Amino acid sequence: MPFEPINPPQFPKPIAPYSAGAKAGNTVYVSGVLALGEGGAVLHIGDAAAQTRHVLDVIKITVEAAGGTMADIAMNHIFLKDLNDYAAFNAVYAEYFPGDKPARYCIKCELVKPDCLVEIASVAHLG
């Protein structure tokens, strides 16, 4: 099945060869999102809550560009640089998923940019 790349025009150019999202049928795959600005500059250095908010805002924009909402997200893949940020991450995350919660997993790992603290990739099912 062919897919449609989803690249909202307000996003900065990706730092690698990928699309922000891809829509195949009624499924939207959102690439791993980091708190990055123009030219790949890391935003909100040292603030896991602010990075989480930025990441989830980007995911929201991507899913909406594909015709969905945050309520359509069924799965989140979460990567944290430091598990000491888990509580701050969860406090912000809960704001974006106030109703039924998507499935998820969370692992501790190094991220592509040393100042990034949070990365999330999502899968949404529309309709």
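The structure reproduced in this document is the subject of the present report. Values in this document were obtained by computation on a predicted structure and should not be read as measured data.

Side chains carrying opposite charge are able to pair once their charged atoms draw close together. A full pass over the atoms with the stated rule returns two salt bridges. For Glu 95, the salt bridge is made with Arg 53, and the minimal N-O distance between the two is 2.8 Å. Residue Glu 95 is found in helix α2 (residues 86-96), and its partner Arg 53 is found in helix α1 (residues 48-65); the two are separated by 42 residues along the sequence. For Arg 53, a relative accessible area of 32% puts it in the partly exposed group. Between Glu 64 and Lys 60 there is a salt bridge; the shortest N-O distance is 3.0 Å. Of this pair, Glu 64 and Lys 60 both sit in helix α1, four residues apart, which is roughly one turn of that helix. Under the relative-accessibility criterion, Lys 60 is labelled partly exposed at 33%.

How each quantity is defined
- Residues numbered from 1 in each chain as written.
- Predicted model: local features only at pLDDT ≥ 70, side-chain atom pairs only at ≥ 80, totals over all residues.
- Heavy atoms only, no water.
- Salt bridge = Lys/Arg side-chain N within 4 Å of Asp/Glu carboxyl O.
- Helix = DSSP H or I, 4+ residues; strand = E, 2+ residues; numbered from the N terminus.
- Buried < 20%, exposed > 50% of the residue type's maximum accessible area, 1.4 Å probe, protein only.

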